[in-house]
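Observations on the model geometry
Each chain, letter by letter, is given below.
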Amino acid sequence: MTTTAPTPPTAPVLNEAPEVAARRAARLGGPESRLTTEEVRGFIREQLDATDVDGKSVCIVVPDGTRTCPLPMLVGAVHEALAGRASRMTTLIALGTHQPMSEEALASHLGYAAGHIEETYPGMTVVNHEWWDESTFADLGTIPAARLSELSEGRLSMDVRVLLNRAVVEHDIALVVGPVLPHEVVGISGGNKYFFPGVAGQDIIDVSHWIGALITSAEIIGTTAVTPVRALINEGASLVPAEKLAFCVVGEKGSHGGEQSLHSISFGDTISSWANAAEVCAQTHVTYLDEPVSRVISVIPEMYDDIWTGAKGFYKLEPAVADGGEVILYAPHITEISTSHPEINEIGYHCRDYFVKQWDRFKHIHWGTLAHSTHLRGAGTYDAETGEERLRVKVTLATRIPEDVCRAANLGYLDPDSVDVAAEAEGGAFVVPNAGEVLFRLR
């Protein structure tokens, strides 16, 4: 297996062209590769052996359980390479605003016996990003309104306070370890996104998500360019005092969890490693269809335990659905819309213009919640004079969420017990197993 070595210059440049940034990262593998565990572990060891970590503290920032990658293997290799060199190691779970992970969930996620982390990862502590606790955060300063206007291409102009989990700030090195995937807010996830919104405060989460919503999910998702949201994230990351490095991986689509094979692993600063991995992701995690599909059965895997996270099964399909078509989110294991954001039940799901044209009515709601609403409801129009909302695609939940709750949220309802996935496929429906990570677009 060939390792692609980085080329100078090695210093990150804010919002440089991704194709330029990508050349500064080292990479093992590519779109056609299937890396072995030994190859990945060897690459991690090689890269960290050549990195100045001796006597320094390292904060390892990793995804929560709503992202797929062989995390026990990756974190195990990182820990092995840092043990005896780093002064201390903290693994921080980038929850964003998702539910915290229990000790049992963390143990399964990272590959240790619950209550016995020291036996597997001596000297390492693991903590959730406690986004609900103000004491979690360090204040990195403010992005001024004029700069936000520039970054957002004129969409928003306001001061943005930049709060970040103090664990990142209080370590010498912040090392991101996680997958790169098409994403409805930023275009392609990974890299600095693990800081913002991964372990960030509410202000920058709200602003970044609302910028993405104004652009719309269907337009931004899968974009490898530095989108306005990525530009804002990079701006926030530039205020982080720690050295920022990343192992960005691209997993084999359709495989899940610790057994997932990797196409590639990239290493460098958080900008170059992301750009490098995004090139692979765009070739492996975007499926192009020749014709739009009218009826979709999006089978939601159990790693998404509510619609807030399971909605990815819609985001990844919307660009390929015909006007007037329907996406059915089939998830018999899901029982509620959101475990962390009950306000979504109050406002329901609507298109972007529904909120924009009634801004005084909704501007007090967290903008991240408004953004999520638009992402799941997709494209549409709203006439402020008549109050009529017209939506391009029908969204139906086939879950254990009661019908009245679905209807109140402006979503369709289907009894999950009435859904025969195999029969739907035979009848012409477009069935997507393990939905949520592969993007579908029209050729």
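The structure contained in this document is the topic of the report that follows. (Residues numbered from 1 in each chain as written. Predicted model: local features only at pLDDT ≥ 70, side-chain atom pairs only at ≥ 80, totals over all residues. Heavy atoms only, no water.)

Focus on the pairing of strand 8 (residues 173–179)
- When you tally the buried positions in strand 8, you get 7 out of 7 residues, the bulk of the element.
- Bridge analysis of strand 8 against strand 11 (residues 243–251) gives 7 bridges, and the strand direction is parallel. The residue bridging valine 176 from the neighbouring strand is alanine 246, located in strand 11. (Buried < 20%, exposed > 50% of the residue type's maximum accessible area, 1.4 Å probe, protein only. Helix = DSSP H or I, 4+ residues; strand = E, 2+ residues; numbered from the N terminus. Pairing = 2+ DSSP bridges.)

Quick look at the layout of surface pockets
- In this structure, the largest pocket occupies an estimated 550 Å³ of space.
- Surrounding the largest pocket, 30 residues form its lining, Asp64, Gly65, Thr66, Met101 and Met303 being those nearest its centre.
- Secondary-structure elements contributing two or more residues to the lining of the largest pocket are helix 3 (71–82), helix 4 (103–110) and helix 12 (307–310).
- Residue contributions to the lining of the largest pocket peak at 3 residues, all from helix 4.
- Taken together, the residues that form the lining of the largest pocket break down as 9 nonpolar, 16 polar and 5 charged. (1 Å grid on protein atoms, 1.4 Å probe; cavity = no way out; pocket = protein on both sides within 12 Å on 5 of 7 lines; lining within 4 Å. Points joined across faces, edges and corners; volume = space filled by probe spheres on them. Nonpolar A, V, L, I, M, F, W, Y, C, P; charged D, E, K, R; others polar.)

Things to note about the pattern of salt bridges
- Evaluation of the coordinates by the stated rule reveals 25 salt bridges.
- In this structure, the salt-bridge partner of glutamate 184 is lysine 312, at a minimum N-O distance of 3.2 Å. Note that glutamate 184 is positioned in the loop between strand 9 (182–183) and strand 10 (187–188) and lysine 312 in helix 13 (residues 312–315), a separation of 128 residues in sequence. The pair formed by glutamate 184 and lysine 312 is uniform in burial state, with each residue classed as buried.
- A network of salt bridges, in which partner residues are shared, links Arg41, Arg45, Asp49, Asp54, Glu80 and Arg85. (Salt bridge = Lys/Arg side-chain N within 4 Å of Asp/Glu carboxyl O.)

What to know about unusual backbone geometry
- Of note, the bond from phenylalanine 196 into proline 197 is cis; its omega dihedral lies within 30 degrees of zero at 10 degrees.
- With respect to the helices, strands and loops of the structure, proline 197 is situated in the loop between strand 10 and helix 8 (202–215).
- Positive phi values are uncommon outside glycine, yet glutamate 153 reaches one of about 55 degrees.
- A residue is classified by how much of its surface remains accessible, and glutamate 153, at 57% relative accessible area, is exposed.
- You will see that asparagine 434, though not glycine, has its phi angle at about 50 degrees, which is positive.

Some thoughts on the nonpolar core
- The biggest cluster of nonpolar side chains holds 98 residues, and the ones touching the most others in it are Val168, Phe195, Phe196 and Leu376.
- Excluding its chain neighbours within four sequence positions, the residues that come into contact with valine 168 are Cys59, Val61, Leu92, Ala174, Phe195, Val199, Val240 and Ala242.
- In terms of nonpolar packing, the next biggest core, distinct from the first, is built from 42 residues, Leu74, Val78, Met89 and Phe267 among them. (Core = buried A, V, L, I, M, F, W, Y, C linked by side-chain atoms within 4.5 Å. Contact = heavy atoms within 4.5 Å.)

What to know about the packing of aromatic side chains
- On inspection of all chains with the given rule, the structure shows 10 aromatic pairs.
- Their ring planes at 20 degrees and their centres at 5.3 Å tell us that tryptophan 210 and tryptophan 359 sit as a pair that is stacked. Here tryptophan 359 lies in helix 16 (residues 359–362) and tryptophan 210 lies in helix 8, a separation of 149 residues in the sequence.
- Clustering of aromatic rings is evident, with ring pairs tying together Tyr354, Phe355, Phe362 and Tyr382.
- Sitting above the plane of the tryptophan 274 ring, arginine 230 keeps its charged end 4.0 Å from the centroid. (Phe/Tyr/Trp six-rings, centres within 6.5 Å; stacked < 30°, edge-to-face > 60°. Lys NZ or Arg CZ within 6 Å of the ring centre and 35° of its normal.)

Topic: helix 17 (residues 367–377)
- With 11 of 11 residues buried, helix 17 lies mostly within the body of the structure.
- Turning to helix 17, its buried residues number three or more, namely Trp367, Gly368, Thr369, Leu370, Ala371, His372, Ser373, Thr374, His375, Leu376 and Arg377.
- Two residues or fewer after helix 17 comes glycine 378, characterised by a positive phi angle close to 75 degrees.

Comments concerning empty space enclosed by the protein
- For the coordinates displayed, the defined rule picks out 3 cavities of 30 Å³ or more.
- By volume, the largest cavity is sized at about 490 Å³.
- Elements supplying a minimum of two residues to the lining of the largest cavity: helix 8, helix 12, helix 13 and helix 17.
- Of the residues belonging to the lining of the largest cavity, the class tally is 9 nonpolar, 17 polar and 7 charged.

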